[in-house]
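A closer look at the structure
Given next are the chains, with one letter for each unit.
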Amino acid sequence: MSANLPEFNLVKPSSIAEALAAFRDQPHAKFCAGGTDLIPNMRHGLFEVETLIDLGQIVGFDAVTINGADIELGAGISLSKLVGRADIRERFPAIVKACEKVAGLSHREAATLGGNLCLETRCLYYNQSEWWRKSNDYCLKYQGDICHVAPRGNRCRAAFCGDLAPAFMVHRAEVELVSLNGARRLPLADLYVEDGAAHLALQPGEILASVHLPAARARSTYGKICQRGAIDFPQAGVAVSCRKEAGVLQFELAFTGTNSKPILLEYREPLGPKTDADSYFEALEKQVQKSVSPQRTTTTAPHYRRLAVAALAVRLARGLV
Amino acid sequence: MKRIVSLNINGKPVEDAIADNLLLIEYLRETRRLTGTKQGCDGGECGACTVLINGRPRLACITLASTCDGAKIETIEGQGEGGRLSALQRAFHENLGTQCGFCTPGMIMASEGLLRQNPDPDDAEIKAALGGNICRCTGYVKIIKSVRAAAQQSAGAA
Ligand SMILES: Cc1cc2nc3c(=O)[nH]c(=O)nc-3n(C[C@H](O)[C@H](O)[C@H](O)COP(=O)(O)OP(=O)(O)OC[C@H]3O[C@@H](n4cnc5c(N)ncnc54)[C@H](O)[C@@H]3O)c2cc1C
Ligand code: FES
Ligand code: FES
């Protein structure tokens with residue numbers, strides 16, 4: 001018996017259909033992929049479950065399929081495997097850069113793409129031990145009545161901090177979700193909702209089965225602001241892609257760590273040979289500052305994070321020109 | 001619930017009834033009495049519990065033992081052979097890569113995982129592989145030197 005985890009039953013389906021059926025039988029169950037976020041959260045007493053459905057044994061859940069112009073990544077692929085794929089690195093540089101910045105190497109061996117995209121939101125007042133949270137009367141995300149970050153507001157402000165979502169967004173990824181009602185496909189940005197206590201548009205029992213990437217190439221990169229070089233969630237992260245259309249450059253940017261969902265900014269101003277680059281990037285920097293709204297979810301001040309994320313966005317965008 | 005799980009631990013096949021919620025670190029330390037693997041934090045933050053699962057470094061403190069069915073698990077206890085230290089253990093000893101020693105089993109297992117994939121890593125690669133392992137004593141310089149020395153020694157021996 002574990003001294004660190006509550007009791008639960010583990011179900012080990014070998015197909016997605018079996019996993020969906022397991023949820024139908026145990027509707028209060030939770031899915032576990034690599035467990036690198038879920039198990040620490042359980043150890044901190046952030047939730048309890050009677051049944052855990054282990055997605056790690058599903059056959060073919062980590063497959064990469066190339067169908068003409070569409071690349072499909074199984075949600076069970078580990079971040080280490082993604083980092084090791086030369087084709088993904090070449091076509092989608094931001095994705096591999098973001099993967100390399102997630103946690104540490106031993107986390108990335110277990111951590112999956114699906115788990116990263118469905119990562120729980122995080123907050124200074126939530127990712128704490130039980131005695132810490134209890135002594136603070138808990139919070140809106142768990143058993144409490146107020147959000148300590150924005151006490152006058154009526155929603156939880158916990159921040160989405162997954163590194164991969166912005167990188168996939170700027171490559172225009174779509175996600176395939178499956179449930180007992182069938183499959184649906186959405187742009188990745190539509191998977192998220194601006195509410196720290198319910199930030200995923202997944203229906204109960206719905207599984208993120210795979211991620212589709214269009215074959216069209218774009219130059220891209222990813223950078224993150226954090227206090228340590230490893231094992232540190234982003235204070236803010238930025239992915240940028242740059243496409244040349246009709247002789248002018250256009251940027252797409254996406255941010256993590258700043259809001260309860262990752263934010264996509266499709267910047268439609270063109271950068272052409274005659275544009276004044278300095279004023280162009282000054283305007284872009286202002287637009288980024290307006291697009292994100294960091295809150296007191298970390299020990300780093302929100303105002304600093306807003307300025308830093310915009311400065312980083314411009315530095316990365318300039319590097320792609 | 002308990003289930004029968006087959007493991008290979010440091011080369012020895014083991015079959016055991018393991019509770020669904022038992023963490024691999026609890027199984028190794030409490031059931032198998034392999035106390036070389038350390039618990040340094042409350043889950044996933046320090047690397048002290050690093051072991052090799054099927055040859056790759058993983059954190060035993062956030063891994064459920066029963067998800068390791070059929071896996072080959074290696075811990076610090078399996079590193080030396082016949083009373084002789086492994087190349088990494090010797091290098092950590094000779095280069096003062098260990099002080100209080102608490103982080104050392106995790107450092108050595110993470111380094112072992114690295115050297116098996118990349119026998120001649122440069123400093124940046126060593127730092128990347130050990131990025132998830134925290135040491136409060138050495139200041140890391142001597143740890144990196146130790147891994148480099150072990151790689152050089154193995155290259156010399158080959
Ligand atoms: C010390 C530490 C540092 C970390 N640093 C970072 C970091 O810098 N950046 C970062 O992005 N992450 C970080 N993480 C978090 C985590 O390691 C990664 O985000 C990882 O990719 C999560 O994937 P997983 O497979 O382990 O997810 P799990 O822990 O298995 O699951 C995470 C959540 O997703 C749900 N889920 C998983 N798969 C699916 C699916 N296919 N369909 C529907 N729901 C699913 C689970 O129910 C759970 O709610 C860190 C974790 C630790 C412990
Ligand atoms: S004990 Fe496993 S990471 Fe700290
Ligand atoms: S030697 Fe003491 S923690 Fe590393």
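Residues numbered from 1 in each chain as written. Chains lettered and ligands numbered in written order. Predicted model: local features only at pLDDT ≥ 70, side-chain atom pairs only at ≥ 80, totals over all residues. Heavy atoms only, no water.

**Section: the domain arrangement of chain A**
Residue and element names in this part refer to chain A. Structurally, chain A comprises domain 1 (1-54), domain 2 (62-213) and domain 3 (219-320). Domain 2 and domain 3 are separated by 19 Å when their C-alpha centres are compared. The interface of domain 2 with domain 3 comprises 40 residues on the first partner and 31 residues on the second. Among the residues of domain 2 in contact with domain 3, V170, R172 and E194 are the three that bury the most area, contributing 21% of the side total. Applying the counting rule to domain 2 against domain 3 returns 2 salt bridges. Residue K224 pairs with D163 through a salt bridge whose shortest N-O separation is 2.8 Å. (Domains from an automatic or database assignment. Contact = heavy atoms within 4.5 Å. Buried area = accessible area lost by both parts, 1.4 Å probe. Salt bridge = Lys/Arg side-chain N within 4 Å of Asp/Glu carboxyl O.)

**So, the interface of chain B and chain A**
Every contact between the two is made by 30 residues of chain B and, on the other side, 29 residues of chain A. Summing both partners gives a buried area of about 2,400 Å² for chain B against chain A, and 54% of it is carried by carbon and sulfur. When the buried surface of chain B facing chain A is broken down by residue, N21, D42 and I62 of chain B rank first, second and third, together holding 23% of it. Note that R56 of chain B is salt-bridged to E109 of chain A, the shortest N-O span being 2.8 Å. Applying the counting rule to chain B against chain A returns 13 residue pairs in polar contact (both at pLDDT 80 or more). Those elements that provide at least two residues to the side of chain B that touches chain A are β4 (56-59) and α4 (123-129) of chain B. With 4 residues, the single largest contributor to the side of chain B that touches chain A is β4 of chain B. (Polar contact = N/O pair within 3.5 Å; in protein donor to acceptor, adjacent residues only side chain to side chain. Helix = DSSP H or I, 4+ residues; strand = E, 2+ residues; numbered from the N terminus.)

**A short note on the environment of G101 of chain B**
Among the secondary structure elements, G101 of chain B is positioned in the loop between α2 (87-94) and α3 (104-117). With relative accessibility at 23%, the residue G101 of chain B sits in the partly exposed group. (Buried < 20%, exposed > 50% of the residue type's maximum accessible area, 1.4 Å probe, protein only.)

**Notes on the site of ligand 1**
Around ligand 1 there are 35 residues in total, and F31, G35, T36, T112 and D163 of chain A lie nearest to it. Nearby residues around ligand 1 are contributed by chains A and B. Contact between ligand 1 and T112 of chain A: an oxygen atom at 2.7 Å from a side-chain N or O atom of the residue. N116 of chain A is positioned such that a nitrogen or oxygen atom in its side chain is 3.0 Å from an oxygen atom of ligand 1. For ligand 1, whose accessible area on its own is 980 Å², the fraction buried by protein is 96%. Elements supplying a minimum of two residues to the shell around ligand 1: β2 (30-32), α7 (113-117) and β8 (207-214) of chain A. (Near = heavy atom within 4 Å. Areas by Shrake-Rupley, 256 points an atom, 1.4 Å probe, with all protein chains shown as cover.)

**Re the pattern of salt bridges**
Side-chain pairs of opposite charge can arise whenever the charged atoms involved come near each other. Residues and elements named next belong to chain B. Under the defined criterion, the tally for this structure stands at 22 salt bridges over all chains. Across the salt bridge formed by R90 and E94, the nearest N and O atoms sit 3.7 Å from each other. You can see R90 and its partner E94 sitting in helix α2, 4 residues apart, about one turn around the helix.

**So, unusual backbone geometry**
Residues and elements named next belong to chain A. Positive phi, normally seen in glycine, also occurs at Y138, with a value near 55 degrees. You can see Y138 is positioned in the loop between α8 (130-135) and α9 (164-169). The class of Y138 is buried, set by a relative accessible area of 14%.

**Re the domain arrangement of chain B**
Residues and elements named next belong to chain B. Domain parsing of chain B yields domain 1 (2-78) and domain 2 (87-157). Here the C-alpha centre of domain 2 lies 21 Å away from the C-alpha centre of domain 1. Contacts between domain 1 and domain 2 engage 17 residues on the former and 14 residues on the latter. Between domain 1 and domain 2, the buried area comes to about 1,200 Å², and carbon and sulfur atoms account for 60% of it. In this structure, the connection of domain 1 to domain 2 is made through 1 salt bridge. Residues R116 and E74 are paired through a salt bridge, measuring 2.6 Å at the closest nitrogen-oxygen approach. The interface formed by domain 1 and domain 2 contains 7 residue pairs in polar contact (both at pLDDT 80 or more). Elements with a contribution of two residues or more to the side of domain 1 that touches domain 2: β3 (50-53) and β4. It is β3 that contributes the most residues to the side of domain 1 that touches domain 2, 3 residues altogether. The residue makeup of the side of domain 1 that touches domain 2, split by class, is 6 nonpolar, 7 polar and 4 charged. (Nonpolar A, V, L, I, M, F, W, Y, C, P; charged D, E, K, R; others polar.)

**What about the packing of aromatic side chains?**
Residue and element names in this part refer to chain A. Within the structure shown, the criterion is met by 8 aromatic pairs over all chains. Residues Y267 and Y280 carry aromatic rings whose centres are separated by 5.8 Å and whose planes lie at 80 degrees to one another, so their mutual orientation is edge-to-face. Highlighted residues: Y267 in strand β12 (residues 263-271) and Y280 in helix α10 (residues 277-291), separated in sequence by 13 residues. Across this residue pair, the class does not change: Y267 and Y280 are buried. (Phe/Tyr/Trp six-rings, centres within 6.5 Å; stacked < 30°, edge-to-face > 60°.)

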